[in-house]
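Chain by chain, the residues:
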Amino acid sequence: MLKPLEDRVIIAVKDEEEQTVGGIVLASNAKQKPQTGKVVAVGEGTLTNDGQRIPLSVKVDDEVLYDKYAGSEVDYAGASYLVLHAKDIMAIVE
Amino acid sequence: MLKPLEDRVIIAVKDEEEQTVGGIVLASNAKQKPQTGKVVAVGEGTLTNDGQRIPLSVKVDDEVLYDKYAGSEVDYAGASYLVLHAKDIMAIVE
Amino acid sequence: MLKPLEDRVIIAVKDEEEQTVGGIVLASNAKQKPQTGKVVAVGEGTLTNDGQRIPLSVKVDDEVLYDKYAGSEVDYAGASYLVLHAKDIMAIVE
Amino acid sequence: MLKPLEDRVIIAVKDEEEQTVGGIVLASNAKQKPQTGKVVAVGEGTLTNDGQRIPLSVKVDDEVLYDKYAGSEVDYAGASYLVLHAKDIMAIVE
Amino acid sequence: MLKPLEDRVIIAVKDEEEQTVGGIVLASNAKQKPQTGKVVAVGEGTLTNDGQRIPLSVKVDDEVLYDKYAGSEVDYAGASYLVLHAKDIMAIVE
Amino acid sequence: MLKPLEDRVIIAVKDEEEQTVGGIVLASNAKQKPQTGKVVAVGEGTLTNDGQRIPLSVKVDDEVLYDKYAGSEVDYAGASYLVLHAKDIMAIVE
Amino acid sequence: MLKPLEDRVIIAVKDEEEQTVGGIVLASNAKQKPQTGKVVAVGEGTLTNDGQRIPLSVKVDDEVLYDKYAGSEVDYAGASYLVLHAKDIMAIVE
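Just so it is clear, the structure is predicted and the values come from calculations on it, not from any experiment.

Novice: Where do I start with the overall build of chain A in this structure?
Specialist: When helices and strands are counted, chain A shows zero helices and 11 strands. Listing the helices and strands of chain A from first to last along the sequence gives β-β-β-β-β-β-β-β-β-β-β. Sorting the 94 residues of chain A into buried and exposed places 39% on the buried side. When contacts within chain A are restricted to residue pairs at least 6 apart in sequence, long-range pairs at least 24 apart make up 67% of them. Accessible surface for chain A amounts to roughly 5200 Å². Of this, 51% is attributable to carbon and sulfur atoms.

Novice: Is there a simple way to explain the pattern of salt bridges in this structure?
Specialist: Pairing between side chains becomes possible if they bear opposite charge and their charged atoms approach one another. All told, the structure shown has 30 salt bridges over all chains when counted by the stated rule. The partner of Arg53(A) in a salt bridge is Glu44(A), and the shortest N-O contact between them spans 3.9 Å. The residue Lys87(C) makes a salt bridge to Asp88(C) at a minimum N-O spacing of 3.3 Å.

Novice: In this structure, what is going on with the pairing of strand E8 (residues 63-67) of chain A? I would like to understand it.
Specialist: Regular strands place side chains that alternate from one sheet face to the opposite one. Residue and element names in this part refer to chain A. The buried count for E8 comes to four of five residues, which makes it a mostly enclosed element. One ladder, built from three bridges, connects E8 with strand E11 (residues 89-93); its direction is antiparallel. Its bridge partner being in E11, Leu 65 is matched across the sheet by Ala 91.

Novice: Would you explain the side chain of Thr48(E) in this entry?
Specialist: Secondary-structure assignment places Thr48(E) in the loop between strand E6 (46-47) and strand E7 (53-54). Leaving out residues up to four positions away in the same chain, Thr48(E) has contacts with Asn49(A) and Ile54(E).

Novice: Explain the interface of chain E and chain A to me, please; I cannot follow it from the model alone.
Specialist: Accessible area lost when the parts come together is the quantity often used to give the size of an interface. Contacts between the two partners involve 19 residues from chain E, matched on the other side by 18 residues from chain A. For the interface between chain E and chain A, the tally reads zero salt bridges. At the boundary of chain E and chain A, one finds six residue pairs in polar contact (both at pLDDT 80 or more). Here the side of chain E that touches chain A takes five residues from strand E11 (residues 89-93) of chain E, the largest share from any one element. Taken together, the residues of the side of chain E that touches chain A break down into 10 nonpolar, five polar and four charged. Examined bridge by bridge, strand E1 (residues 2-4) of chain A and E11(E) share three bridges and lie antiparallel to one another. Paired with Leu2(A) across the strands is Val93(E), a residue of E11(E).

Novice: Could you clarify how one ought to interpret the environment of Arg53(D) in this entry?
Specialist: Considering the arrangement of structural elements, one finds Arg53(D) in strand E7 (residues 53-54). Along the backbone, Arg53(D) and Glu6(D) are 47 residues apart, and their C-alpha atoms lie at a distance of 8.7 Å. In contact with Arg53(D), other than residues within four places in its own chain, are Ser57(C), Glu6(D), Glu44(D), Gly45(D), Thr46(D) and Leu47(D). A polar contact of 2.7 Å, which involves the side chain of Arg53(D), links it to the backbone oxygen of Gly45(D).

Novice: Honestly, the interface of chain F and chain D in this entry has me stumped. Any pointers?
Specialist: Of the residues lining the interface, 18 residues belong to chain F; the matching set on chain D comes to 18 residues. Around 1600 Å² of area is buried between chain F and chain D when both sides are counted, 55% of it from carbon and sulfur atoms. Here chain F is connected to chain D by zero salt bridges. For the pair chain F and chain D, the interface holds six residue pairs in polar contact (both at pLDDT 80 or more). The set of elements that each furnish at least two residues to the side of chain F that touches chain D consists of strand E1 (2-4), strand E2 (8-13) and strand E9 (72-76) of chain F. When residues of the side of chain F that touches chain D are assigned to their parent elements, the largest contribution, four residues, is made by E9(F).

Rules of the game
Residues numbered from 1 in each chain as written. Chains lettered and ligands numbered in written order. Predicted model: local features only at pLDDT ≥ 70, side-chain atom pairs only at ≥ 80, totals over all residues. Heavy atoms only, no water. Helix = DSSP H or I, 4+ residues; strand = E, 2+ residues; numbered from the N terminus. Buried < 20%, exposed > 50% of the residue type's maximum accessible area, 1.4 Å probe, protein only. Contact = heavy atoms within 4.5 Å. Areas by Shrake-Rupley, 256 points an atom, 1.4 Å probe, with all protein chains shown as cover. Salt bridge = Lys/Arg side-chain N within 4 Å of Asp/Glu carboxyl O. Pairing = 2+ DSSP bridges. Polar contact = N/O pair within 3.5 Å; in protein donor to acceptor, adjacent residues only side chain to side chain. Nonpolar A, V, L, I, M, F, W, Y, C, P; charged D, E, K, R; others polar. Buried area = accessible area lost by both parts, 1.4 Å probe.

Put into structure tokens, the structure is as follows:
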């Protein structure tokens with residue numbers, strides 16, 4: 001199991017098809033395109049200088065909206081995950 | 001429903017026509033062009049190191065003026081929204 | 001009416017003619033050129049972590065000197081305004 | 001009269017001739033070249049979060065050495081001034 | 001033995017083959033690709049202004065996931081290590 | 001006399017010959033090259049928000065090692081000086 | 001003798017041969033390459049706003065691992081030294 005550190009969050013990626021023409025990826029438009037995923041693990045939050053942890057605003061099983069181009073992809077146990085900082089999560093889908 | 005996190009705000013976008021000549025977008029001028037929209041959801045504000053939330057200065061249903069090029073577009077339940085940081089909102093239209 | 005947020009100020013723009021030769025804008029020189037305008041609305045100031053507002057140093061009706069290239073232009077109710085951060089105002093003209 | 005804001009200082013500019021050959025400005029060398037002027041107005045200093053003003057280290061009538069390329073030129077009442085941040089003043093000429 | 005300073009961590013590198021065609025390195029894709037390794041030494045944490053050490057979130061023998069392009073490689077006693085800042089470690093593999 | 005402000009220091013420059021070939025300056029190598037000089041005046045130190053001055057670590061008559069490309073040259077009373085921030089002084093030559 | 005200021009450290013450089021082909025320096029690879037040296041002098045640490053010195057984590061005679069491209073070279077009394085900030089030292093070789 002992956003245990004994210006500090007303010008990091010691990011998200012199960014919902015793969016989205018990207019249209020290609022002759023192998024060239026077609027960006028649908030030039031704007032940042034957010035994407036949704038499910039939180040599978042959260043860090044404990046950043047430790048401040050006076051020993052406090054700042055808790056994160058998301059929890060495991062939240063479906064979240066995040067910036068598609070944030071974070072680092074990681075393959076683990078046959079599935080694809082994204083590790084990103086909590087601040088790159090924009091909203092919870094309720 | 002989308003619940004924005006921390007200092008984020010979700011705005012219902014009023015689409016504005018962009019003039020095109022032969023498919024080329026014509027920028028009306030080179031200055032930053034603000035745009036208005038209606039706030040549909042606000043985050044709780046950023047959590048400070050000593051456990052305080054800094055409340056946001058806008059609330060749901062405010063009509064606001066924001067920088068057209070800030071934030072991330074998101075389509076949700078058939079409508080188009082913009083997720084941006086509260087600091088990118090310039091003024092409330094009263 | 002426009003109500004600026006936080007540390008923002010709205011200024012009624014005094015349009016200044018820019019000389020053109022054959023449609024090309026001629027910059028009078030390469031230095032930053034400040035410009036004067038009249039304050040029509042001011043924000044409440046930035047909210048600090050311990051709940052204080054830092055008040056702004058300008059008030060409505062002040063004639064101010066500001067950097068011509070700061071802020072965002074906005075047209076509202078038939079007039080042209082500039083929304084900028086208080087820190088971009090250089091001096092009050094008394 | 002111009003009343004500078006916060007940490008700004010207004011300096012009466014001593015124009016310095018720049019050598020030109022056929023209209024081309026000749027920089028004497030590639031180093032930053034400081035220049036002297038006389039302080040004509042000073043701001044009250046920056047307001048800190050706990051309501052204190054940090055006073056400036058220069059006062060009206062000080063002859064000061066400043067970086068020639070700092071600040072913004074402004075013409076007022078037929079004279080030429082420079083508005084700059086106090087931190088761009090390097091020394092007082094005594 | 002290498003004793004990392006402050007917030008640094010030393011990791012035993014698991015070399016990963018990079019595919020080459022005619023000597024050209026083929027990046028598998030354009031995304032940041034994390035990599036795992038084993039922590040062999042950790043610093044004491046950063047010393048704050050009031051004399052506190054902020055302890056690190058990883059310890060010796062943790063298997064960790066880190067950004068492949070972070071840190072500095074160092075060869076020591078015939079083995080290859082990576083020295084990086086604790087903040088570049090994304091997760092612990094449990 | 002020049003009285004440097006805040007964290008600034010004035011150094012009497014020891015001119016160093018730069019080799020030229022046909023008028024082209026030859027940099028001896030691509031590394032930053034420090035240079036020594038003698039401190040002739042020091043500022044009072046930066047004023048902090050709570051009214052304290054942080055004293056400088058150099059005093060008048062110290063021979064110091066500084067980064068050759070830091071600061072601003074100034075000619076005063078027939079001599080050549082360098083005005084730089086105390087943080088650009090690397091060491092005292094004892 | 002050179003006495004480094006604040007958070008600076010002086011290191012006796014162990015010159016490392018760089019391979020050249022026809023005078024062209026050959027970088028062994030594109031990664032940052034650390035290098036070892038011996039600490040010959042350390043500063044007192046940075047002075048904080050409330051008058052405390054933050055002590056450095058290295059002492060004279062430590063053999064240290066540092067980033068080869070950090071700091072400034074200085075020749076003094078016939079030997080070659082490197083002056084760098086303590087934060088650019090990665091580890092102590094014990």
